[in-house]
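So the chains spell out like this:
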Amino acid sequence: MSLLVVGLSHRSAPVSVLERASLSTDAQFKLLQDTVAAEPAAEAAVLATCNRIELYADVDKFHAGVAELSTLLAQHSGVGLEELTPYLYVHYEDRAVHHFFSVACGLDSMVVGEGQILGQIKDALARAQELHTAGRLLNDLFQQALRVGKRAHSETGIDRAGQSLVTFGLEQLAAGGDVTAWARGKKALVIGAGSMSSLAAATLARAGVAEIVVANRTPDRAERLAHLLEEQYGQRLTQGGDTDVSARAVPMESVPAELTRADVAVSCTGATGLVLTAEAVAEAVEGRTGTPAAFDDESAATDVRPLPPTSVGTDENCPLDLAAVQQAPVQQSGFSVLGEAAVAGMDAATLEQHAAWVDNATVDRRPTARRTPEADAELITALAATAATLGRIPERRGPEPVATLVRPEPVLFLLDLAMPRDVDPAAHRLAGVRLVDIESLAEASADAPMAADVDQVRRIVADEVAAFGAAQRAAHITPTVVALRTMAAEVVATEIARLDGRLPGLDDKHRAEITQTVKRVVDKLLHAPTVRVKQLAAEPGGAGYADALRTLFDLDPEAVAAVSRAEESTEKNAESRGPA
């Protein structure tokens with residue numbers, strides 16, 4: 001059996017695809033159940049966050065496993081396999097372990113070094129354990145990944161390379177300024193009461209907001225979060241002195257009204273549709289300012305001059321017959337038939353007539369002579385003379401620069417951390433609104449500087465991957481070694497019983513001494529080969545030593561499998577009892 005991971009993340013897929021492929025909690029449960037029910041997989045776990053969806057499995061066949069896991073991801077995400085496939089990545093065996101440990105350390109996160117991924121890995125393991133889809137391999141893998149992630153954060157300064165997605169998002173809202181100075185005294189609305197929303201609420205409380213309102217579809221969870229916020233942050237000392245944070249819970253129906261009071265809103269729910277439409281955001285801005293909220297492009301649109309008629313060959317008195325243009329291949333380019341593609345190749349006199357008609361000017365309908373080669377030669381000669389005099393060819397006048405409209409200072413700050421998104425992306429264009437969402441965070445983090453500690457974390461990951469591989473390979477041969485020693489013990493017992501039959505008068509003292517001697521001989525003969533085979537099996541490519549040992553000593557495969565089942569049963573019982 002071997003580890004296989006198939007997934008997609010912000011590094012491989014655009015946000016729009018991640019958004020559509022996101023998995024609800026129910027979908028994750030069904031995906032796990034269907035994966036272990038499939039033929040190639042014996043274990044399964046799914047890691048689903050706002051910017052990644054990964055399916056881990058212990059499979060016995062690589063190609064069949066990739067095909068099956070990819071198909072299951074497509075089925076449960078609702079995105080067609082053909083559309084999803086270009087964005088999927090596959091890691092196998094040691095590369096899969098290396099990828100997962102890198103994820104646990106925050107090296108593969110949108111914001112490098114963020115620590116929230118450790119909690120998400122812990123939740124993914126708990127979900128797989130609850131459904132009994134995590135066996136020995138995935139239990140070992142996930143628990144070791146948690147240890148590696150904690151080691152990276154404790155032994156290096158990876159935290160300085162980045163911060164949590166919440167902190168990074170608030171920094172973007174503050175336009176790169178000090179979050180504490182920006183947040184102090186503001187009123188905040190937190191939509192959702194899950195782990196991300198709770199983290200956002202706590203971060204805002206520490207930053208110095210004056211009020212936090214929590215809205216959630218489950219009132220009890222909203223009440224609980226509000227109570228914890230007041231209990232922990234109700235009295236604290238800030239740079240400005242003693243400050244109280246008031247926190248209260250409201251139903252989701254109150255979000256529109258609360259949005260008119262809030263300075264900043266953070267949304268992270270599991271909703272499949274929009275929680276805040278652009279119209280709702282516009283109404284909130286209007287409620288705060290008293291004036292209708294306009295989209296950035298509305299004022300520009302009112303100054304645009306209407307285009308001339310676009311019908312072909314039917315407008316009265318049009319001097320051009322453009323009916324033939326409808327059949328021309330240039331239509332495939334997407335240009336209007338009255339655009340440059342339609343009139344390409346017409347002589348200047350004809351174009352002048354058309355321009356005069358468009359501007360409602362008097363059109364000279366007298367026959368116009370076609371341009372001749374001689375006339376063209378005169379124009380070229382005149383242009384050459386002008387170039388010789390000026391030293392250059394006269395430049396065509398370029399378009400006048402378009403004045404950029406200055407956005408007003410935002411009165412409402414929105415942070416959307418949900419996947420799929422909670423806030424209508426059209427809110428980006430609303431004057432008076434600053435919206436930061438997963439897509440804009442991805443763009444901003446692409447240019448974030450990497451800390452020097454990242455290299456140290458990479459070395460830690462490499463060392464831990466080698467150690468994990470060695471431990472797994474050594475564990476793989478352990479049942480074979482145990483079966484070999486069991487067989488040797490049975491041989492000793494058989495021979496002692498035969499000795500009792502041949503020497504019935506042998507006293508207990510001599511019998512015990514003979515038995516102990518035979519056992520010591522067998523142990524000494526097996527000691528060196530079993531120790532050495534464990535060492536060899538722990539090295540890369542050592543998986544074949546278990547097969548060699550079974551072949552050399554003619555071990556029953558069922559006996560080896562029985563040892564493995566007994567060990568797994570012991571481990572499960574220990575997990576169910578919990579730590580001592």
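Attention in this report is confined to the structure presented alongside it. (Residues numbered from 1 in each chain as written. Predicted model: local features only at pLDDT ≥ 70, side-chain atom pairs only at ≥ 80, totals over all residues. Heavy atoms only, no water.)

1. Here we look at the nonpolar core
Nonpolar side chains tend toward joint burial in soluble globular proteins. Put simply, the test is: Residues belong to one nonpolar core when they are buried, are Ala, Val, Leu, Ile, Met, Phe, Trp, Tyr or Cys, and are joined through side-chain atoms within 4.5 Å. Type-normalised accessible area, obtained with a 1.4 Å probe on protein chains alone, sets the label of each residue: buried when under 20%, exposed when over 50%, and partly exposed for intermediate values. Segments assigned H or I by DSSP are reported as helices when at least four residues long, segments assigned E as strands when at least two residues long, and all are numbered from the N terminus. It only takes one pair of heavy atoms within 4.5 Å for two residues to be counted as in contact.
In terms of nonpolar packing, the biggest core is built from 69 residues, with Leu 84, Leu 165, Trp 182, Ile 212 and Leu 417 touching the most fellow members. Among the elements that line this core, the one with the most residues is helix H11 (residues 195-207), at seven residues. When residues no more than four places from it in sequence are discounted, the contact partners of Leu 84 are Leu 8, Val 17, Ala 21, Leu 73, Ala 74, Ser 77 and Val 79. Counting 35 residues, the second largest nonpolar core, distinct from the first, contains Val 5, Ala 45, Ala 96 and Leu 107.

2. Examining the sheet that holds strand E11 (residues 412-416)
The condition is simple: Pairs of strands are assigned from DSSP output, requiring at least two bridges between the strands. Lines fitted to C-alpha atoms define the axes here, with helix axes fitted over just the stretch in contact, and angles between the N-to-C directions of these axes take values from 0 to 180 degrees.
The strand order across the open sheet built from six strands is E9-E6-E5-E10-E11-E12, with neighbouring strands paired in parallel fashion. The outermost strands of the open sheet, each flanked by one partner alone, are strand E9 (246-250) and strand E12 (433-436). The sheet shows a mean angle of 15° between the axes of neighbouring strands, direction not considered. Relative to E11, strand E10 (residues 264-267) runs parallel, the two being bridged by four bridges. Of the residues in E11, the one forming a bridge with Val 266 is Leu 415.

3. Here's the deal with the pairing of strand E3 (residues 52-59)
Counting buried positions along E3 yields eight of eight residues, so the element is predominantly enclosed. The side-chain alternation of E3 yields two buried faces, one formed by Arg 52, Glu 54, Tyr 56 and Asp 58 and the other by Ile 53, Leu 55, Ala 57 and Val 59. Direction of pairing for strand E1 (residues 2-9) relative to E3: antiparallel, over a ladder of eight bridges. Residue Val 5 lies in a different strand from E3, and its bridge partner there is Tyr 56. As paired strands, strand E2 (residues 41-49) and E3 are joined by eight bridges and run antiparallel to one another. Bridge pairing in E3 places Ala 44 opposite Ala 57.

4. Overview of the packing of helix H5 (residues 94-104) against helix H7 (residues 136-155)
Rule in force here: For classification, angles of less than 35 degrees are called roughly parallel, those exceeding 145 degrees roughly antiparallel, those between 65 and 115 degrees roughly perpendicular, and all remaining angles oblique. Crossing handedness is read from the near helix: turned anticlockwise from the far helix by less than a right angle, it gives a left-handed crossing, and turned clockwise, a right-handed one. Residues are grouped as follows: Ala, Val, Leu, Ile, Met, Phe, Trp, Tyr, Cys and Pro are nonpolar; Asp, Glu, Lys and Arg are charged; all remaining types, including Gly, are polar.
Across the interface, H5 lies against H7 with an axial gap of 8 Å and an inter-helix angle of 45°. Classified by the angle their axes make, H5 and H7 are oblique. Every pair of crossing elements has a handedness; the one defined by H5 and H7 is right-handed. Contacts between H5 and H7 pair Val 97, Phe 100, Phe 101 and Ala 104 from the former with Leu 141, Phe 142, Gln 144, Ala 145, Val 148 and Gly 149 from the latter. Of the residues that constitute the contact of H5 with H7, the class distribution is eight nonpolar, two polar and no charged.

5. Regarding the pattern of salt bridges
Formally: A pair is scored as a salt bridge if a Lys or Arg side-chain nitrogen falls within 4 Å of a carboxyl oxygen belonging to Asp or Glu.
The full count for this structure, using the stated rule, is 18 salt bridges. For Glu 211, the salt bridge identified is with Arg 261, shortest N-O distance 3.5 Å. Of the two residues, Glu 211 is situated in strand E6 (residues 211-215) and Arg 261 in helix H13 (residues 255-261); the sequence distance between them amounts to 50 residues. We classify Arg 261 as partly exposed; its relative accessible area is 34%. Each of Arg 11, Arg 52, Glu 54 and Asp 108 takes part in a single network of salt bridges with overlapping partners.

6. Regarding the packing of helix H2 (residues 25-37) against helix H6 (residues 116-130)
Orientation of H2 relative to H6, taken along the N-to-C sense of each, is 55°, at an axis distance of 10 Å. Considered as vectors, H2 and H6 are oriented oblique to each other. Considering how the two elements wind past one another, H2 and H6 form a crossing that is right-handed. Seen from H2, the contacting residues are Gln 28, Phe 29 and Leu 32; seen from H6, they are Arg 127, Ala 128 and Glu 130. For the contact of H2 with H6, a count of residues per class yields three nonpolar, one polar and two charged.

7. Here we look at the packing of aromatic side chains
Going by this rule: Pairing of aromatic side chains requires ring centres within 6.5 Å, counting the rings of Phe and Tyr and the six-membered ring of Trp. Pairs whose planes differ by under 30 degrees are stacked, by over 60 edge-to-face, and all others tilted.
Taken as a whole and assessed by the stated rule, the structure comprises six aromatic pairs. Plain terms: the ring middles of Tyr 56 and Phe 100 are 4.7 Å apart, the flat faces sit at 55° to each other, and that makes the pair tilted. Here Tyr 56, found in strand E3, pairs with Phe 100, found in helix H5; they are 44 residues apart in sequence, far enough to count as distant. On the basis of relative accessibility, which here comes to 0%, the residue Tyr 56 falls in the buried class. Residue classification places Phe 100 among the buried residues on the basis of a relative accessible area of 0%.

8. Focus: the side chain of Ser 109
Among the secondary structure elements, Ser 109 is positioned in the loop between H5 and H6. The class for Ser 109 is buried, based on a relative accessible area of 5%. Apart from residues lying up to four places away in sequence, Ser 109 is in contact with His 10, Arg 11, Arg 52 and Glu 114.

9. Some thoughts on H5
Extensive coverage of H5 is indicated by the burial of eight of its eleven residues. Those residues of H5 that fall on the buried side of the exposure criterion are Ala 96, Val 97, His 99, Phe 100, Phe 101, Ser 102, Val 103 and Ala 104.

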